[in-house]
Structures are given as structure tokens and as C-alpha cells.
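Overview (structure and organization)
Given next are the chains, with one letter for each unit.
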Amino acid sequence: MDAQALQQAIDGIESAADKAIAALKNGQADAKLQQAVQDLHQQARTKRSLTDKAELTQAVKDIEQTADRAMEACRNAGQVDAALKQAVQDAHQKASQLKHSVEGQTA
């Protein structure tokens, strides 16, 4: 996967995180979940501008860990708006798939 493909994939994660941010505004969520979603969005937005493949590969791993934290916060939050839950799951799935494809190339 080249740098441009990684940037586009990270952009897709950011789009999913955008939906989670929008869902946060429409529903109730605890502080940990709000912070985790904001962290994921911020990380995807800043890391997609990287151009070095090695830095992008590390960014993918970092984003996936942040997506894991968002997913965990979503699970622990109890009652979560369905749209928010779906957006967090989508972002997590995209991040996880991207990490696995990157790791598959380096293995």
C-alpha cells in the first residue's frame, strides 16, 4: 500500500469519526466516550497529511489504538445513541482493517 492509499484510508477513518462527532452533538454520551471520539477524529485528521510511508504506517497503528479506546469507551458507556454506536463501530472497523492490511504487507 503506497503513501497515497494510506492517506485515503486514513481519510475514510476521519469521515467515520466525523459521523461520530455529529452523533455526539445529537445524543448523550459520557465524558470518556466524548473524549475518545474527539481524540480519534483529531488523530485521523492530523495524521492523514503525513507523506512518509513509514510515518503513515506508524500513524495507522496509532489510530487503530485510539479507535480501540473509543470502542471500549462505547462499550463501557452503557446506553449509547444508536447512531453514535454505529459511527464508532464503523471507524473502529476501518482502522482495524487498515492496520491488518498494513501489517500483512510488513510481515
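A quick note: this is a predicted structure, and the numbers were derived from the prediction, not measured.

Definitions and cut-offs
Residues numbered from 1 in each chain as written. Predicted model: local features only at pLDDT ≥ 70, side-chain atom pairs only at ≥ 80, totals over all residues. Heavy atoms only, no water. Axes fitted to C-alpha atoms, helices over the stretch in contact; angles between N-to-C directions. Helix = DSSP H or I, 4+ residues; strand = E, 2+ residues; numbered from the N terminus. Parallel < 35°, antiparallel > 145°, perpendicular 65-115°, else oblique. Left-handed = near helix turned anticlockwise from the far one by under 90°. Contact = heavy atoms within 4.5 Å. pLDDT = per-residue confidence, 0-100. 1 Å grid on protein atoms, 1.4 Å probe; cavity = no way out; pocket = protein on both sides within 12 Å on 5 of 7 lines; lining within 4 Å. Points joined across faces, edges and corners; volume = space filled by probe spheres on them. Nonpolar A, V, L, I, M, F, W, Y, C, P; charged D, E, K, R; others polar. Buried < 20%, exposed > 50% of the residue type's maximum accessible area, 1.4 Å probe, protein only. Polar contact = N/O pair within 3.5 Å; in protein donor to acceptor, adjacent residues only side chain to side chain. Salt bridge = Lys/Arg side-chain N within 4 Å of Asp/Glu carboxyl O.

1. Some remarks on the packing of helix H1 (residues 3-26) against helix H2 (residues 31-47)
For the pair H1 and H2, interaxial distance at closest approach is 9 Å and the crossing angle is 150°. Accordingly, the angle class assigned to the pair H1 and H2 is roughly antiparallel. Between H1 and H2 lies a crossing of left-handed hand. In this structure, H1 uses Ile10, Ile13, Glu14, Ala17, Asp18, Ala20, Ile21 and Leu24 to contact H2, whose residues at the interface are Gln34, Val37, Gln38, Leu40, His41, Ala44, Arg45 and Lys47.

2. A few points about the confidence of the model for the protein
Here the protein averages 92 in pLDDT, while 98% of its residues score no lower than 70. Taken element by element, the protein is modelled with least confidence in helix H4 (residues 82-106), mean pLDDT 92, and with most confidence in helix H3 (residues 53-76), mean pLDDT 95.

3. Considering the layout of surface pockets
The computed volume of the largest pocket comes to approximately 150 Å³. Forming the boundary of the largest pocket are Asp30, Lys32, Gln35, Ala36, Asp39, Thr66, Arg69, Glu72, Ala73 and Asn76. Put simply, the parts of the chain that give the lining of the largest pocket at least two residues each are H2 and H3. Here the lining of the largest pocket gets 5 residues from one element, more than from any other, and that element is H3. Broken down by class, the residue content of the lining of the largest pocket amounts to 2 nonpolar, 3 polar and 5 charged.

4. Section: the environment of Asp30
Within the fold, Asp30 resides in the loop between H1 and H2. A relative accessible area of 33% places Asp30 in the partly exposed class. When the C-alpha positions of Asp30 and His92 are compared, they lie 18 Å apart, and in sequence the two are 62 residues distant. A distance of 2.9 Å separates a polar atom in the side chain of Asp30 from the backbone nitrogen of Leu33.

5. As for the pattern of salt bridges
In the structure shown here, the tally under the stated rule is 6 salt bridges. Measuring nitrogen to oxygen at the nearest pair gives 3.0 Å for the salt bridge that ties Glu14 to Arg48. Taken together, the residues span a long stretch of sequence, with Glu14 in helix H1 and Arg48 in the loop between H2 and H3 at a distance of 34 residues. Put simply, Glu72 and Arg75 hold a salt bridge, and the shortest N to O gap is 3.1 Å. In this pair, Glu72 and Arg75 both sit in helix H3, 3 residues apart, roughly one turn of the helix. Residue class for Glu72 comes out partly exposed when judged on its relative accessible area of 38%.

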